[in-house]
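Fold and contact review
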Amino acid sequence: MKYLYYVYQLLVGLPVLVLITIITAFEIGIGCTIGNGHFWSYYPGRWWAKVILRTLMIPVKVEGRENLERDQSYVFVANHQGAFDIFLIYGFLDRNFKWMMKRSLANIPFIGYSCRRSHQIFVDKRGPKKIKETYDRAREILKEGYSVTVFPEGARSFTGHMGIFRKGAFALADELQLPVVPLTINGSFDILPRQRGFNFITWHPLRLTIHQPIYPIGQGPENVDATLRQAYDSVMSGLESQYQGFVENPDQ
């Protein structure tokens, strides 16, 4: 069965992924140019993620959607197990948001183009001025009533375990006095562990746990640190037992 799934990936999964990525990139580019940018920057990407996971026959379970209020802006923070985190959150969080992502992702063909056209937030660390511009952009998105999604580890895990959380997203939430929502991702590392080059994926269910929002209890460094610790503990609590515990990530 495993090898039949490999053949299916080559003959069906990979062509669909490439084709739907190209179509979605142009759809986002054209839509954001002539229409409602907030609609076109989110919904085509959401459909793209759902089509890819369904084509690959990956089952998805979401827990905790009832924890979110309809018209509230949030700063979502998630562990980063692997590449399939993107499909899971984009396709199944069911919130209109912008990604905060590595600047290097802008260089990926078609994906980089669609992210630039849809005004996703590239985290630029090439000096204080660039960092300020990054957070100015995120601040404006949140003030408009939308949410942002961040991987505060900053890099995918090599082991499936969590590394450290950086403070940037929590400082942004503190400044605007917005709730932080921890997200736990399970299954992504089992589908495709971090590695170099192409490899086949392994069939495995995905699970997204949406934890209770963490509302600010003040403002300033103490609130930032307290929110970070609580978010980290919440995300960790939702991980499967084999991925519990801190493991240093040399890429952070």
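Here, the structure is the one placed above.
In what follows, the accompanying structure is described. In this text the structure is predicted, and so the values were computed from the model without any measurement. All residue numbers refer to positions counted from 1 along the written sequence of the respective chain. Predicted model: local features are reported for residues with pLDDT of at least 70 only, side-chain atom pairs are reported and counted for 80 or more only, and whole-chain, interface and lining totals are derived from all residues. Processing note: side-chain calculations cover all non-hydrogen atoms of the structure and skip hydrogens and water entirely.

Next up on the list: helix 1 (residues 2-34). Between its terminal C-alpha atoms helix 1 stretches 45 Å, which fits the 48 Å expected from 33 residues at 1.5 Å a residue. To get the bend at a given residue, fit one axis to the seven residues ending there, fit another to the seven starting there, and take the angle between those axes. Secondary structure elements follow DSSP: runs of H or I of four or more residues count as helices, runs of E of two or more count as strands, with numbering from the N terminus. The principal kink in helix 1, of about 45°, is found at Gln-9. Working definition: with a 1.4 Å probe on protein chains only, accessible area under 20% of the residue-type maximum means buried, over 50% means exposed, and in between means partly exposed. Turning to helix 1, its buried residues are Tyr-5, Tyr-6, Gln-9, Gly-13, Ile-20, Thr-21, Thr-24, Ala-25, Ile-28, Gly-29, Gly-31 and Cys-32. Residues of helix 1 that are buried sit in contact with helix 2 (37-40), helix 3 (43-55) and helix 5 (111-117). For a helix, the expected span equals 1.5 Å multiplied by the residue count minus one. The contact rule is simple, with two residues in contact once any of their heavy atoms fall within 4.5 Å.

For strand 6 (residues 180-186), a buried count of 7 out of 7 residues is recorded, marking the element as mostly surrounded by other parts of the structure. Alternating residues of strand 6 divide into Val-180, Pro-182, Thr-184 and Asn-186 and Val-181, Leu-183 and Ile-185, and every residue in both groups is buried. Paired strands are those between which DSSP finds at least two bridges. As paired strands, strand 2 (residues 75-78) and strand 6 are joined by 4 bridges and run parallel to one another. Among the inter-strand pairings, Ala-78 is bridged to a residue of strand 6, identified as Leu-183. Pairing of strand 6 with strand 7 (residues 206-210), which is carried by 4 bridges, proceeds in the antiparallel orientation. Note that in strand 7 the partner of Leu-183 across the bridge is Ile-210.

So, about the nonpolar core. Nonpolar side chains tend to gather and get buried jointly when the protein is soluble and globular. Here, nonpolar core refers to any group of buried Ala, Val, Leu, Ile, Met, Phe, Trp, Tyr and Cys residues whose side-chain atoms link them within 4.5 Å. One finds Ile-58, Ile-89, Leu-93, Leu-183 and Leu-208 to be the most contacted residues of the largest nonpolar core, which totals 34 residues. Contributing elements (two or more residues each) for this core: helix 1, helix 3, strand 2, helix 4 (84-92), strand 3 (97-102), strand 6 and strand 7. Ranked by the residues each element gives to this core, the list is headed by helix 4, at 6 residues. Residues in contact with Leu-183, not counting those within four places in the same chain, are Phe-76, Val-77, Ala-78, Asn-79, Ile-89, Leu-93, Leu-208, Thr-209, Ile-210, His-211 and Val-235. Residues Ala-138, Val-148, Leu-228 and Leu-239 belong to the second largest nonpolar core, which totals 25 residues.

No statement about biological role is implied by the geometric values presented.
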